[in-house]
Amino acid sequence: LKMSWLQFYLPLHILMAACLCHSIKAPTSSQQSFRTDLFNFYHSLILADGKETTVHLMKDIPKRYYFVLEESRVLLPFTITVTPCDVPIEWSILVHKASASSLGKETQGDHDTQEVSQSQKAPSTVSTIFNYKGNSVETYMGMSSHSALYMLEFLSTERDTHITVYLTTDTTSGHLYPELPMDPRIDVIGVGHTTVTLTWKHSPSVLQHRESIQYCLLVNEKHNYKSLCAAETAIRSSGMKLPPTLALSLSPYLLEPQQVMILSNSELSIINKVSSGEVRQICMGTKNTYTVPNLSPSTQYYFDVFVVNLLTNASAAYTGTFARTLEEPEPKVTELKDGKVIQVVLDGKKQKFYSLQYQARHKKVQFSFQLCRGQARVHITKNGKTVASENISGLRYFSLKGKLLDTYLVQLRSTEESNSSVKVQVSPHFHEPLFPLLPESLKIKSFSKLRTCNSVTIAWLGTQEESKYCVYKRGIEEDQVWRELQNTDRCSGPESRHKSEKVLCKYFYDLNPQRAVTTETIKGLDAGTLYLFDVYLFGPSGIPVRYHSKVVKTRKKC
């Protein structure tokens, strides 16, 4: 500023006191208006030059700021930028012009009453030079060659809010705010089921100051934001404590529980979990093309790009855009055939359904499921109506009745993050089940008292049907036990085992299920060694059922 605020403020204070105390004559209407203007200016705040000021507004209460420009032989340029951070506001610029000589005479009013009267007659004007109402970032550019007092008045009629105001009279030392290109639009150049690719024209500031300027992208499902501070205000109002320009300044703030930070390939992504969905902040340096990943299919997203000055945290907003991701393709449906066994692998991370379809050729059908690994859920519909839905473990049969040519849809999905796998069969022949008749328990028992240095004794339950049982063993390290038991494929048969691991095969049954128990002593073992034992049961169909693996350690000393 050409005149410091103290140089102006003190004469103004003296002048106002003189005007209010002078009571020789009743004031005219113009004089009263002038005194009111002075009173308003006196109770306003001084706006700093060259610095961004945050202004807090209370609903329906106007707030005023002022600044002074001194008379000059040349036109003095100045700019004012106002950024609403929430709701629309009203703001205006008023100017009071008076000659410097008038101000000089007014300051002598304490000594010469006649000069005060003359000064009151000095020509002066108070006029409104700019008005705006809305929530867009707005910049006023003006020129002045007269000594003038400017007042900015701000008003919020919706609710309490805050804004930022930037005044500068130095237009030669660069810009606080990064510059936008002539065409500030964001172009959508590609849309997929879970991705959207965007591009925008480079900011002139990026080309001039690449080290201190970067682009940041905001993605949300609600609407576009006209400024970065408006976006941050919206996130905070959703119940989140978000440090100002957290993603943009790369400051080491601690994240809230609702926030997830991802840093990869020099890109910083912050995902804010808010009530209206995710709000993502992604900073990608100076790249002006970006593919947004991990979006939901058939969802409309809003995209805003901000060019940010990392030294000042000041930003400028491109014109936001929106795009709707493509609908998720219909899941591939596999046809089930009578008696044929298929094994499906279920993706635990994507949690997608695996679909199987079957058209009945008989009124009665039986679906058989064997859980091989992990945890899974099955959902069966007949002609669009649900007939079964539950989590499965081990073996599970569903016997259903209907009409010829009924259409059954079987949907399977993993219920945990790791992959699961299931064997499935459908058959109209109830008397020829896929799996053999099973005992009450598939556990293998070992007898601690019968353990020796080179042998162990195990037992397992059988059934009323004569069936084949095969025993396999192999040595195992202690640190491998948990992993082996967790990752065991319960559908795999002896064909996956090495021939050296086979111990024996035997047939047995008992019509009395209480006595259908068999034991076996396995010899030729090493002392103090852990062994993994498996038993396989074979039924009429030849499909094996694997008992739960058992780990037993031989004695160290005998």
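Fair warning: this is a prediction, and the values are worked out from it, not measured in the lab. (Residues numbered from 1 in each chain as written. Predicted model: local features only at pLDDT ≥ 70, side-chain atom pairs only at ≥ 80, totals over all residues. Heavy atoms only, no water.)

Draft legend 1. Focus on the packing of aromatic side chains. Summed over all chains, the structure comprises 21 aromatic pairs. With a centroid separation of 5.7 Å and an interplanar angle of 80 degrees, the aromatic rings of Phe369 and Phe398 are classed as edge-to-face. Of this pair, Phe369 sits in strand 23 (residues 364-373) while Phe398 sits in strand 26 (residues 395-401), and the two are 29 residues apart along the sequence. Neither Phe369 nor Phe398 differs from the other in exposure class; each is buried. Ring plane angle 35 degrees and centroid distance 4.9 Å describe the contact between Tyr469 and Phe508, whose orientation is recorded as tilted. You can see Tyr469 sitting in strand 31 (residues 467-475) and its partner Phe508 sitting in strand 32 (residues 502-508), a full 39 residues away along the chain. By relative accessible area, Tyr469 is classed as buried at 0%. Looking at Phe508, the relative accessible area reads 12%, which means it is buried. Aromatic rings pair up to connect Tyr65, Phe67, Phe78, Trp91, Phe130, Tyr140, Tyr150 and Phe154 into one cluster. We note Lys468 situated over the ring of Phe538; from NZ or CZ to the ring centre the distance is 5.6 Å. (Phe/Tyr/Trp six-rings, centres within 6.5 Å; stacked < 30°, edge-to-face > 60°. Helix = DSSP H or I, 4+ residues; strand = E, 2+ residues; numbered from the N terminus. Buried < 20%, exposed > 50% of the residue type's maximum accessible area, 1.4 Å probe, protein only. Lys NZ or Arg CZ within 6 Å of the ring centre and 35° of its normal.)

Draft legend 2. Region of interest: the side chain of Asn220. On the secondary structure map, Asn220 appears in strand 12 (residues 213-220). Looking at Asn220, the relative accessible area reads 3%, which means it is buried. Of the polar contacts made by the side chain of Asn220, one reaches the backbone nitrogen of Lys222; its length is 2.7 Å. (Polar contact = N/O pair within 3.5 Å; in protein donor to acceptor, adjacent residues only side chain to side chain.)

Draft legend 3. Structural view of the layout of surface pockets. Volume-wise, the second largest pocket comes out at about 510 Å³. Lining the second largest pocket are 22 residues, with Leu485, Gln486, Thr488, Arg490 and His548 sitting closest to its centre. In terms of residue class, the lining of the second largest pocket is made up of 6 nonpolar, 12 polar and 4 charged. Each of two domains, domain 3 (333-427) and domain 4 (444-553), supplies a minimum of three residues to the lining of the second largest pocket. (1 Å grid on protein atoms, 1.4 Å probe; cavity = no way out; pocket = protein on both sides within 12 Å on 5 of 7 lines; lining within 4 Å. Points joined across faces, edges and corners; volume = space filled by probe spheres on them. Nonpolar A, V, L, I, M, F, W, Y, C, P; charged D, E, K, R; others polar. Domains from an automatic or database assignment.)

Draft legend 4. Focus on the state of the cysteines. In total, this model carries 5 disulfides according to the counting rule given. What pairs with Cys372 in a disulfide is Cys491, and their sulfur atoms sit 1.6 Å apart. The chirality of the disulfide connecting Cys372 with Cys491 is left-handed, given an S-S dihedral of about -85 degrees. Taken together, the residues Cys372 in strand 23 and Cys491 in the loop between helix 8 (481-487) and strand 32 connect sequence positions 119 residues apart. The burial state of Cys372 is the same as that of Cys491; both residues are buried. (Disulfide = S-S within 2.5 Å.)

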